[in-house]
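Tertiary structure, described
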Amino acid sequence: MGAAHWTLQQGSPQTGRTAVVTGANTGVGLEVARGLAALGATVVLACRNTAAADAARADILRSAPGARIDVVHLDVSDLASVRACADELRARYPVIDILVNNAGVMHQRRQLTVDGFEGDFGTNFLGPFALTGLLLDRVLAAEAGRIIAVSSKTHRSGRIAFDDLQLAVSFTPAVAYTQSKLAQLMATYELQRRLEAAGSRAIALAAHPGGTRTSILREQSRAVRWVFNSRSRFVTGWFTQGPAEGALPMLRAATDPTAAGGQFYGPGGRFEQIGPPVMVRAAGRACDVDAQQRLWTVAEELTGVTYHC
């Protein structure tokens, strides 16, 4: 959908704006935070491992001296932690201009969150859904708030198992992960529709990092783990990229002044694996309005978080 060679330098200045990035202590999340800091934003690293987040903060400050980088604790797989984090963020920041829901997992074995949800569904979808709802008034208070869901190109093989959402019967690592990433995208479209109906200036967008060399990619298939062998990087460069490149679709969604609600960004190169960030198409099932609304109702019931927009 166009191969514009967008770079971070084309992002709008973020001075005076506050951005929250979940899972920002490593990988793509760290690079998203670094990019936002480079553009002048106050960046909050919302992470489960605060020691690692402190190290990430020091790393960002080395590349963006003078940036304001804060750290808060967030375990997105635990709704009590999500609520505590939201309370802390609400107390510290009257306005949140950008919320990037980046934190995620891919479990190789079925396991449940502390709230009893299938691990991928609870961590990748329900936790971010709850956090966004709890912070929504802070985003709505921004002059032009943005909420970005970090999805995956693998959402295209996902299905929402409404009769087995916790995958007690049908679990495989791929089924769990792709369901959670499809759910993220569907909720983004439903949120955007609600924001538009309310006449809000805030927008909801999604992005995916393509074939970025992160822990998630390592878990996606044992068959491709060899790509992390440094001796084969010259080969895998054809279809994988580093976290700095993988972060660009999220940074474009967060900072491109021409970006609009409901857009979906990803790499514009080979099979959406690598390349500059461009608008990409979502799977048809991600755009099923009835399924989006059904999923939204389920998510509100499971998390106990109701959106007001």
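Since we're looking at a predicted model, the values are computed, not measured.

1. Here's the deal with the pairing of strand E5 (residues 146-150)
Most of E5 is tucked away: five of the five residues are buried. Side-chain alternation along E5 places Arg146, Ile148 and Val150 on one buried face and Ile147 and Ala149 on a second face that is also buried. Bridging between strand E4 (residues 98-101) and E5 involves four bridges; their strand directions are parallel. Residue pairing in the sheet places Ile98 in a bridge with Arg146 of E5. For the segment spanning E4, helix H4 (residues 119-140) and E5, crossover handedness is right-handed. Here E5 runs beside strand E6 (residues 203-207); their pairing, made up of five bridges, is parallel.

2. Notes on unusual backbone geometry
Non-glycine residue Leu167 carries a positive phi angle of around 55°. Within the secondary structure, Leu167 is located in the loop between E5 and helix H5 (173-197). Assessed through its relative accessible area of 0%, Leu167 is described here as buried. Phi is positive for Phe271, close to 55°, though the residue is something other than glycine. Structurally, Phe271 can be placed in the loop between strand E7 (264-267) and strand E8 (277-279).

3. With respect to the sheet that holds E5
On the basis of which strands lie adjacent, the open sheet formed by eight strands has the order E3-E2-E1-E4-E5-E6-E7-E8 and mixed pairing. If you trace the sheet from one side to the other, it starts and ends with strand E3 (69-73) and E8, each paired once. Strand-to-strand twist across the sheet, computed as the mean angle between neighbouring axes with direction ignored, equals 20°. Lying on the sheet, helix H2 (residues 50-63) is in contact with strand E2 (42-47) and E3; it crosses E3 at an angle near 170°. Along the sheet, H4 contacts strand E1 (18-22), E4 and E5; its crossing angle with E4, the most-contacted strand, is approximately 175°.

4. Looking at the environment of Arg92
Mapped onto the elements, Arg92 comes out in helix H3 (residues 79-92). A residue is classified by how much of its surface remains accessible, and Arg92, at 36% relative accessible area, is partly exposed. With near-sequence residues (within four places) excluded, Arg92 lies in contact with Asp70, Val71 and Val72. Among the polar contacts listed, one links the side chain of Arg92 to the side chain of Tyr93, at a separation of 3.3 Å.

5. Remarks on the state of the cysteines
Under the counting rule described, the total for this entry stands at zero disulfides. Of all cysteine sulfurs in the structure, the one in Cys85 sits closest to Cys47, which takes part in no disulfide; the separation is 9.4 Å. The class of Cys47 is buried, set by a relative accessible area of 1%.

6. Things to note about the packing of aromatic side chains
Tallying each qualifying case throughout the model produces five aromatic pairs. With a centroid separation of 5.9 Å and 55° between ring planes, the pair formed by Phe125 and Phe129 is classed as tilted. Of the two residues, Phe125 and Phe129 are both situated in helix H4; the distance of four residues between them amounts to about one turn of the helix. Phe125 sits in the buried class, given a relative accessible area of 3%. Residues Phe129 and Tyr307 carry aromatic rings whose centres are separated by 4.8 Å and whose planes lie at 45° to one another, so their mutual orientation is tilted. Of the two residues, Phe129 sits in helix H4 while Tyr307 sits in the segment after helix H10 (289-303), which places them 178 residues apart along the sequence.

Basis of the calculations
Residues numbered from 1 in each chain as written. Predicted model: local features only at pLDDT ≥ 70, side-chain atom pairs only at ≥ 80, totals over all residues. Heavy atoms only, no water. Buried < 20%, exposed > 50% of the residue type's maximum accessible area, 1.4 Å probe, protein only. Helix = DSSP H or I, 4+ residues; strand = E, 2+ residues; numbered from the N terminus. Pairing = 2+ DSSP bridges. Right-handed = clockwise from strand over helix to strand, strands pointing away. Axes fitted to C-alpha atoms, helices over the stretch in contact; angles between N-to-C directions. Contact = heavy atoms within 4.5 Å. Polar contact = N/O pair within 3.5 Å; in protein donor to acceptor, adjacent residues only side chain to side chain. Disulfide = S-S within 2.5 Å. Phe/Tyr/Trp six-rings, centres within 6.5 Å; stacked < 30°, edge-to-face > 60°.

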